[in-house]
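# A structural walkthrough
One-letter residues, chain by chain:
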Amino acid sequence: MSESTFLEPHPNIKSLPPQQTIKVREWFSLPSKSNDDASTTLKLMTWNMLAQTLVRRDLFPNSDCLKASQRGGLLPREVLTYNPDIACLQEVDRLEKLLPIFHAAGYSNTYASGPQKLHGCMIMWKSEKYEKVSEQTIFYDEVDLNSILNGNVAEAGEAPQRKATTRVTKNIGLILALSRKDDASKGCIVATTHAFWHPMFTYERARQIGILFNTVRQTQASDPRYRTWPAYLAGDFNTQPTEASYSLLTAQPLTAVHVKSLEHSRVIHISLDPTVPPTPNASNVKEDEGGAAAAASTTTEETKSATGTEEKSNEKKGNEKETDPDRIITNSRRAVPSDDLLSDEELLRLFGCEEGKGLRSGYDEAQRLLSSDSKDGLFGGRVEDATVGLWEPMYTSYTFWWKLTLDYIFILDPLEPADKPEIVGVLKPHTKEDMDPGLPRAGVCGSDHTSLVLEFKRGG
């Protein structure tokens with residue numbers, strides 16, 4: 001078992017309100033297989049910060065720090081405590097408050113958001129170490145799948161030929177290429193996203209995540225320099241390890257449950273087809289994070305297998321008929337062939353599964369090295385029938401209503417012969433006891449999600 005320690009925080013942490021504290025977690029160093037002790041390391045963080053614009057008391061009924069004045073110091077404190085070289089952040093708002101703190105700490109940033117969304121995704125990097133070479137924002141609602149699957153790019157000015165989407169979500173992905181300042185031939189590609197949240201929209205989420213993964217692959221292959229760089233996909237994928245998207249990302253076979261869940265969620269929402277009759281009594285169905293309309297139909301077996309007794313909505317139920325808007329698809333119709341959604345085979349192609357080259361999950365890999373036979377504190381200890389992602393954190397989002405594993409740091413190794421990134425450090429996930437009775441919580445974490453941090457040797 002590796003010995004634990006605590007990371008040295010950024011010195012600017014002293015400028016933050018001292019009364020707004022967090023639970024500082026242990027850091028575990030992993031033994032390196034390389035003898036290159038002088039190799040530069042990269043510390044990478046991902047964190048959904050919980051946009052203030054999304055905070056509602058009914059969503060977080062037992063939180064003790066929901067006001068902006070109560071969370072204002074907790075958010076930058078989380079980042080500066082672990083002092084990452086690169087941070088992938090989601091649900092970022094109140095930039096006028098956050099950016100002066102981060103810029104003063106030596107970070108540069110790129111921010112992007114979906115149309116009319118009041119929060120977005122941001123990638124930050126230490127200016128003294130990295131320089132941005134390129135950037136791309138993916139608007140998932142507008143992507144032409146023909147250009148990805150078949151290489152048929154529409155003429156300039158033409159509408160995309162095939163979106164194959166089920167609804168308007170306004171979700172995005174953000175991709176940067178960052179070169180090292182001490183050696184411009186070295187660097188990394190970093191992507192972050194906040195995938196569509198609704199548990200029942202398995203197909204739409206797989207489509208979005210597949211588009212991001214495919215675009216990162218294309219970016220990595222587009223430049224001789226990038227081909228020797230690793231890529232990282234880090235963010236809130238709104239996907240549990242039991243879901244199809246996780247298996248697709250890690251090149252695991254789709255199960256019968258995955259196939260059933262994907263088929264069940266191939267629907268067309270009223271946001272795409274205004275002729276869809278609204279679902280009766282669905283006027284109060286929760287909107288998505290930015291305000292787009294919600295949807296879904298009965299709980300799938302895939303979702304059941306990951307939810308168990310602790311998951312979202314179990315305490316809200318009580319009637320035989322399912323009414324929880326997070327477990328039913330509303331305001332939607334079944335897709336028909338003319339809607340031209342992706343088949344399972346096309347999803348496999350989108351993710352590049354036929355090549356058998358999936359992503360490495362950083363936490364699954366690191367905690368496997370740390371763990372004995374015990375699955376305490378791990379996803380595999382919570383979901384007994386899980387076959388993949390067993391060493392992922394037990395929870396990365398923990399509230400009164402939902403307790404889920406949704407956030408990841410995935411690694412795509414370089415295309416050209418080069419040393420692969422080696423994980424040499426991992427931030428211990430919060431324990432259940434830390435987070436009870438639910439996040440956000442003063443003295444623990446200012447968001448409903450927990451941050452993930454890994455350190456890589458030869459990471460870019």
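All residue numbers refer to position in the chain's written sequence, counted from 1. Given that the model is predicted, a residue must reach a pLDDT of at least 70 before its local features are reported, and side-chain atom pairs must reach 80 or more before they are shown or counted; all residues, however, enter totals for whole chains, interfaces and linings. Values shown for side chains rest on all heavy atoms present in the structure; no hydrogens or waters enter the calculation.

### Examining the overall build of the chain
Numbering of helices and strands runs from the N terminus; a helix is a DSSP stretch of H or I covering at least four residues, while a strand is a stretch of E covering at least two. In terms of helices and strands, the chain carries 12 helices and 18 strands. Expressed as a percentage of the 460 residues in the chain, the buried residues total 59%. Nonlocal contacts in the chain, meaning residues at least 24 apart in sequence, comprise 79% of its contacts between residues at least 6 apart. Per-residue and other accessible areas were derived by the Shrake-Rupley procedure at a 1.4 Å probe size, with only the shown protein chains allowed to occlude residues. Carbon and sulfur atoms provide 50% of the accessible area of the chain, an area that totals close to 18500 Å². Any residue under 20% of the maximum accessible area for its type is buried, any over 50% is exposed, and the rest in between are partly exposed; the area is computed with a 1.4 Å probe on protein chains only. Here, two residues are considered to be in contact whenever any of their heavy atoms come within 4.5 Å of each other.

### Details of the environment of proline 253
Summarising the element assignment, proline 253 is placed in the loop between α6 (244-249) and α7 (256-264). In this structure proline 253 comes out as exposed when scored by relative accessible area, which is 61%.

### Thoughts on the sheet that holds strand β17 (residues 422-427)
Sheet strands line up and pair through hydrogen bonds in the backbone, either parallel or antiparallel. Strands were regarded as paired on the criterion that DSSP finds at least two bridges between them. Spatial strand order, β1-β2-β17-β18-β3-β4-β6-β5: 8 strands in an open sheet with mixed pairing. Strand pairing shows two members of the sheet lacking a second neighbour, β1 (4-5) and β5 (107-112), which therefore form its edges. Angular values range over 0 to 180 degrees, each being the angle between N-to-C directions of two axes fitted as lines to C-alpha atoms, with helices fitted over their stretch in contact. Strands β3 (41-48), β4 (86-92), β5, β6 (120-126), β17 and β18 (452-457) of the sheet are contacted by helix α2 (residues 74-82), whose axis makes an angle of about 160 degrees with β3. The strands touched by helix α10 (residues 362-370) are β2 (27-29), β17 and β18; relative to β17, the strand with the most contacts, the crossing angle is about 85 degrees.

### Regarding the pairing of strand β9 (residues 187-193)
Counting buried positions over the 7 residues of β9 gives 7, a clear majority of the element. Burial along β9 is two-sided: the face carrying Gly187, Ile189, Ala191 and Thr193 and the face carrying Cys188, Val190 and Thr192 are both buried. In this sheet, β9 lies alongside strand β8 (residues 172-180) in antiparallel orientation, the contact comprising 7 bridges. Across the sheet, leucine 178 pairs through a bridge with cysteine 188, a residue of β9. Sheet analysis places β9 next to strand β10 (residues 231-236), joined by 3 bridges and oriented parallel. Looking across to β10, one finds that isoleucine 189 is bridged to alanine 231. Handedness of a crossover is defined as follows: orient the strands so they point away from the viewer, and if the path from the first strand over the helix to the second runs clockwise, the crossover is right-handed. What joins β9 to β10 is helix α5 (residues 202-221), and the crossover it makes is right-handed.

### Section: unusual backbone geometry
Of note, the amide linkage connecting aspartate 436 to proline 437 takes the cis form, showing an omega dihedral of 0 degrees. Positionally, proline 437 belongs in the loop between α12 (432-435) and β18. Phi at alanine 164 takes a positive value of approximately 55 degrees, unusual for a residue other than glycine. If you trace the backbone, alanine 164 turns up in the loop between α4 (145-149) and β8. Residue alanine 164 is classed as buried on the basis of its relative accessible area of 5%. Although it is not a glycine, aspartate 340 sits at a positive phi angle of roughly 60 degrees. Along the chain, aspartate 340 falls in the loop between β12 (332-334) and α9 (344-350). For aspartate 340, a relative accessible area of 37% gives the class partly exposed.

### Considering the nonpolar core
Ranked by size, the top nonpolar core spans 62 residues in total, and within it Ile86, Leu89, Ile123, Met124, Leu454 and Phe456 carry the most contacts. The residues contacting methionine 124, other than those within four sequence positions of it, are Val79, Asp85, Ile86, Ala87, Leu89, Phe102, Tyr107, Ser108 and Asn109. In terms of nonpolar packing, the next biggest core, distinct from the first, is built from 41 residues, Ala191, Leu212, Phe213 and Trp229 among them. Joining through side-chain atoms within 4.5 Å is the link that ties buried Ala, Val, Leu, Ile, Met, Phe, Trp, Tyr and Cys residues into a set, and such a set is a nonpolar core.

### A closer look at the packing of aromatic side chains
Centres within 6.5 Å are what make two rings of Phe, Tyr or Trp a pair, Trp counting through its six-membered ring; a difference in plane orientation under 30 degrees is then read as stacked, over 60 as edge-to-face, and the rest as tilted. Within this structure, the stated rule accounts for 14 aromatic pairs. Geometrically, the ring pair formed by phenylalanine 196 and tryptophan 197 is tilted, given 6.2 Å between the ring centres and 55 degrees between the ring planes. A relative accessible area of 11% places tryptophan 197 in the buried class. Members of the aromatic cluster, joined through ring pairs, are Phe237, Tyr246, Tyr408 and Phe410. Placement of a charge over a ring requires the Lys NZ or Arg CZ to be within 6 Å of the ring centre, with the centre-to-atom vector within 35 degrees of the ring normal. The aromatic ring of phenylalanine 201 is capped on one face by arginine 167, whose charged end is 5.0 Å from the ring centroid. Its guanidinium or amino end placed over the ring of tyrosine 398, lysine 403 lies 5.1 Å from that ring's centre, counting from NZ or CZ.

### Describing the side chain of threonine 193
Secondary-structure assignment places threonine 193 in strand β9. Among the polar contacts made by the side chain of threonine 193, one reaches the main-chain carbonyl oxygen of isoleucine 172 at a distance of 2.8 Å. Setting aside residues no more than four positions away along its own chain, threonine 193 makes contact with Gln90, Cys121, Tyr140, Ile172, Gly173, Leu212, Ala234, Gly235, Asp236 and Phe237. Think of a polar contact as two N or O atoms within 3.5 Å of one another; within protein, one of them needs to be a possible hydrogen donor and the other a possible acceptor, and neighboring residues in sequence only count if both atoms come from side chains.

### Observations concerning helix α3 (residues 95-104)
Taken together, the buried positions of α3 are Leu98, Leu99 and Phe102. Projected onto a plane normal to the axis of α3, the buried residues spread over an arc of 95 degrees and lie on a single side. Exposed residues lying more than 90 degrees from the buried face of α3 are Glu96 and Ala104. Its buried side turned inward, α3 meets α2, β4, β5 and β6. Immediately downstream of α3, the backbone of glycine 106 shows phi near 95 degrees, a positive value. Think of the arc as the fan of directions from the helix axis to the C-beta atoms.

### Description of the pairing of strand β16 (residues 407-412)
The buried count for β16 comes to 6 of 6 residues, which makes it a mostly enclosed element. Of the strand pairs in this sheet, β10 and β16 are connected by 6 bridges, and their pairing is antiparallel. Across the sheet, the residue bridging to glycine 235 is tyrosine 408, located in β16. Here 2 bridges tie strand β13 (residues 360-361) to β16, and the two strands are oriented antiparallel to one another. Within β16, the position partnered with serine 361 by the bridge is phenylalanine 410.

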